Amino acid sequence: MNNKLWVWGYVPDKVPGMMPFVNQETWCSLETAGSYLRADNAVYMNSTSDMNSLNDTLFACMKDFKQVVCGLQHGKYAETAKAVSRFSLTHPNVTGAIIDDFRDSVGPSANMSVAELKKVYEALKSENPALKLYLVRYSRQDQKELIPYLDYFDVINFWVWVSTDHYWRSLYHYDIEEIHKLGKPVMQGTFMHNYGEDWDQPIPMDMLRLQCPKIADEIRTGMVDDWIILQNGWFCRENHREQVQWLKNYLEWFCGTWTRR
């Protein structure tokens, strides 16, 4: 059985090495983070920066994941989708592709039209119709905006950019209910790093302890399908150790005590 856990991140060319959105060298590659959390699946973001990262050298590190979703290069979404489709024929654990920051006000797909997304969707399925297209969305966005696009994507990857006590206690469940009405599976994201407020700090522990039981409740009831942790580059950092060890413990407990038949 797939445990529905994912890790988001990158495979560096060398270790230690730099990777996007991490401000120092890291010792932790994507496959190492997946093994540490016992996550069966991964989102491989190297191809978001360069579609040529869909190569056997880097992707050899992905061999033990049951499912891998590949990032689509910004500005070359359809071209990368076509490459992912072709790549999946020789790499059977590739199960989809993802557009990061879909129609977010600060993202490169901010003004993507339905027709443009249709081209990406068709390119992704051109050689492997089983592949799924994921869209990253944030709680600050109006999810009803997705209604005209519903025929041209498969999964919503949902994130809360800035965690607050009020949001997780009072709003999260209702946001998930509204997203669920769109009829698409939901992959819920958890940030280990506090990108939304302070790029030098991990997510505060009180916010991590608050959100994880809320997400677990939605997964158990079927409102959320999968859970993804972002990202591996921070796992080896001393100031993130409490967060990553707490997450490991929590996720092991969550998966290990849930009987599914």
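None of these values were measured; they are calculated from a predicted model.

**Student:** Looking at this structure, how should I read the pattern of salt bridges?
**Tutor:** Pairs can form between side chains of opposite charge whenever their charged atoms are close. The final tally for this structure, using the stated rule, is 18 salt bridges. Close ionic contact of R209 with E242 constitutes a salt bridge, the shortest N to O distance being 3.6 Å. Here the residue R209 occupies a position in helix α7 (residues 205–220), and E242 occupies one in helix α8 (residues 241–256), the gap between them amounting to 33 residues.

**Student:** I keep staring at the environment of S113 and nothing clicks. Help me out?
**Tutor:** With respect to the helices and strands, the residue S113 is situated in the loop between β4 (94–99) and α5 (114–124). Separated by 84 residues in sequence, S113 and E197 have C-alpha atoms that sit 30 Å apart.

**Student:** I would appreciate a short explanation of the packing of aromatic side chains in the present structure.
**Tutor:** The relation between two aromatic rings is expressed through the spacing of the ring centres and the mutual angle of the planes. On inspection of all chains with the given rule, the structure shows 22 aromatic pairs. A ring pair is formed by W161 and Y195, whose centres lie 6.3 Å apart and whose planes are at 15°; its orientation type is stacked. Highlighted residues: W161 in the loop between β6 (155–159) and α6 (165–180) and Y195 in the loop between β7 (186–191) and α7, separated in sequence by 34 residues. Look at W161 and you get partly exposed, because its relative accessible area is 28%. Accessibility expressed as a relative area gives 7% for Y195, which makes it buried. The interplanar angle of 75° and the centroid separation of 4.9 Å between the aromatic rings of Y195 and W199 together place this pair among those described as edge-to-face. Owing to a relative accessible area of 43%, W199 belongs among the partly exposed residues under this scheme. Grouping aromatic residues by their ring pairs yields a cluster made of W8, F21, Y138, W159, W161, F191, Y195, W199 and W234. Cation over ring: R260 sits above W258, and NZ or CZ is 4.1 Å from the ring centre.

Rules of the game
Residues numbered from 1 in each chain as written. Predicted model: local features only at pLDDT ≥ 70, side-chain atom pairs only at ≥ 80, totals over all residues. Heavy atoms only, no water. Salt bridge = Lys/Arg side-chain N within 4 Å of Asp/Glu carboxyl O. Helix = DSSP H or I, 4+ residues; strand = E, 2+ residues; numbered from the N terminus. Phe/Tyr/Trp six-rings, centres within 6.5 Å; stacked < 30°, edge-to-face > 60°. Buried < 20%, exposed > 50% of the residue type's maximum accessible area, 1.4 Å probe, protein only. Lys NZ or Arg CZ within 6 Å of the ring centre and 35° of its normal.

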